[in-house]
Amino acid sequence: MIRIGVDFGGTKIEAAALDADGRFQARVRGATPPAYEDRLEATREIVAEAERQAGVAVTRVGVGGPGSPSPATGLMRNSNSTVLNDRPFPTDLQRVLGRDVRYANDANCLALSEARDGAAAGEGVVFAVIVGTGCGGGIAVDGRLVEGRNLVAGEWGHTPLPWPRPEEIPGIPCWCGRVNCLELWLSGTGFARDAGRPAEAVIAEPDAAGAAALERYIDRLGRALGVVCDILDPDVIVLGGGLSNLDTLYPRLPAAIAPHVFSDVFETPVRRALHGDSSGVRGAAWLWPLE
């Protein structure tokens, strides 16, 4: 019994075939072409190769990617891979792949993957965060996605930075049309803008400026997660994406979150995604039950 998931990213497309125990039977990656139609064809080729390697042909595919389809029109919106916006991407994928497709936001796939058999396995309410090229969030409750009536549950990256400091005002315009979105501050791109160099370089060659930028980053992430805790009060917070590899976040974030939570105690653990860069494709595969 095999299921296939696709992680559709801005720079890479990955397909994987997983067995009933979540073990990889195939894993195929390719570059994401710039043109929309070429992206559809690249996905078809990568899925076909995953099936060939796994020795199966499936009738349903789960796909995780940026943004989400509008419940009203079926057209994509809110994707930082803007070539997808205003396109019937899930429908087009279904046509090109020749099988049923279930699509979910990539942060939702992270949440589902980690809730099922990852860093949040066995937990009730999970808030998963992607802090990578962009910034997003997903919610899982009792191992199931919570997408909301408008399919925007967990769209944390395009809420404003809370309790802004004077130097953070009036804010930075976001590609989405708003100002001071969390994505501008908490993504890897946002960190690099503030620090003057990528996080990897700051860790490899630490200096005073890099250390100060890291302090600001932890403070901002703590403020943002404090709001989530007031609204959702999750049992666990899971971090994924490139910046989740910063070891210093995990011992320090709880103390950065706690002052912003409307409670006399704060005991929510913050964990690194267990599946790392495979969380997206694993979560996409979980969108469908086993065949």
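For the structure itself, consult the block above.
Presented here is an overview of the structure given in this document. Since we're looking at a predicted model, the values are computed, not measured. (Residues numbered from 1 in each chain as written. Predicted model: local features only at pLDDT ≥ 70, side-chain atom pairs only at ≥ 80, totals over all residues. Heavy atoms only, no water.)

1. Let's talk about the overall build of the chain
What counts is decided by this rule: Only DSSP runs of H or I reaching four residues or more are called helices, and only runs of E reaching two or more are called strands; each is numbered from the N terminus. C-alpha atoms define the radius of gyration in this analysis, and the globule rule sets the expected value at 2.2 Å times the number of residues to the power 0.38. Note on exposure labels: buried denotes an accessible area under 20% of the residue type's maximum, exposed denotes more than 50%, and partly exposed covers the range between, all computed with a 1.4 Å probe on protein chains only. Contact definition: two residues touch when any of their heavy atoms are within 4.5 Å. Exposure was quantified through the Shrake-Rupley algorithm and a 1.4 Å probe, taking into account, for residues, occlusion by the shown protein chains and nothing else. Neither His nor the chain termini are counted; the positive set is Lys and Arg, and the negative set is Asp and Glu. Think of each charge as sitting on NZ of Lys, CZ of Arg, CG of Asp or CD of Glu.
Looking only at helices and strands, one finds nine helices and twelve strands in the chain. Relative to the 2.2 N^0.38 estimate, which gives 19 Å for 291 residues, the radius of gyration of the chain is 19 Å and therefore close to what a compact globule would have. The principal-axis extent of the C-alpha atoms belonging to the chain is close to 55 × 40 × 40 Å. Split into buried and exposed, the 291 residues of the chain put 52% on the buried side. Nonlocal contacts in the chain, meaning residues at least 24 apart in sequence, comprise 62% of its contacts between residues at least 6 apart. Here the chain has roughly 12800 Å² of accessible surface; of this, 53% comes from carbon and sulfur atoms. The averaged location of the 37 negative side-chain charges in the chain is 3 Å from the averaged location of its 28 positive side-chain charges.

2. Side note on the nonpolar core
Formally: Here the nonpolar core consists of buried residues drawn from Ala, Val, Leu, Ile, Met, Phe, Trp, Tyr and Cys, with membership extended through side-chain atoms lying within 4.5 Å.
In terms of nonpolar packing, the biggest core is built from 38 residues, with Trp-156, Leu-186, Phe-191, Leu-225, Leu-253 and Ile-257 touching the most fellow members. Those elements that place two or more of their residues in this core are strand S8 (125–131), strand S9 (135–141), helix H4 (182–186), helix H5 (188–195), helix H6 (199–204), helix H7 (208–232), strand S11 (236–240) and helix H8 (249–257). If one sorts the elements of this core by residue count, H7 sits on top with nine residues. Those residues in contact with Leu-225 that lie beyond four places of it in its chain are Phe-127, Val-129, Trp-156, Ile-237, Leu-253 and Ile-257. Within the second largest apolar cluster, 26 residues are counted, among which are Val-6, Val-28, Val-58 and Val-63.

3. Comments concerning a negative patch on the surface
For clarity, the cut-off: Patches here: salt-bridge-free residues with over 30% relative accessible area, like charges joined within 9 Å, nonpolar side chains (Val, Leu, Ile, Met, Phe, Trp, Tyr) joined within 5 Å. Salt bridge, as used here, is a side-chain nitrogen of Lys or Arg placed within 4 Å of a carboxyl oxygen of Asp or Glu.
Together, Asp-142, Asp-230, Asp-233 and Asp-235 line one region of the surface with negative charge. Taking the relative accessible area as the measure of exposure, Asp-233 reaches 54% and is therefore exposed.

4. Let's talk about the environment of Phe-8
Note on placement: Phe-8 falls in strand S1 (residues 3–8). Residues Phe-8 and Ala-256 lie 248 residues apart in sequence; the distance between their C-alpha atoms is 33 Å. If we skip the residues at most four places from it in the chain, Phe-8 touches Ile-13, Thr-32, Arg-39, Thr-43, Val-63, Gly-64, Gly-65, Pro-66, Leu-84 and Phe-89.

5. A few points about the pattern of salt bridges
A full pass over the atoms with the stated rule returns 23 salt bridges. Linked through salt bridges whose partners overlap, the residues forming this network are Arg-165, Glu-168, Asp-194, Arg-216, Asp-219, Arg-220 and Arg-223.

6. With respect to the sheet that holds S9
Threshold: For two strands to be treated as a pair, DSSP must find at least two bridges joining them. Here an angle of 0 to 180 degrees is reported between the N-to-C directions of two axes, which are lines fitted to C-alpha atoms, with helices fitted over the stretch in contact.
Across the sheet, which stays open at both edges, the five strands sit in the order S10-S9-S8-S11-S12 with mixed pairing between neighbours. Of all the strands in the sheet, the pair left with one neighbour each is strand S10 (144–145) and strand S12 (270–272). Alignment of S8 against S9, held across seven bridges, turns out to be antiparallel. Residue Val-126 lies in a different strand from S9, and its bridge partner there is Ala-140. Across the sheet, helix H3 (residues 106–117) is in contact with S8, S9, S10 and S11; its angle to S9 comes to roughly 40 degrees. Along the sheet, H8 makes contact with S11 and S12, crossing S12 at roughly 155 degrees.

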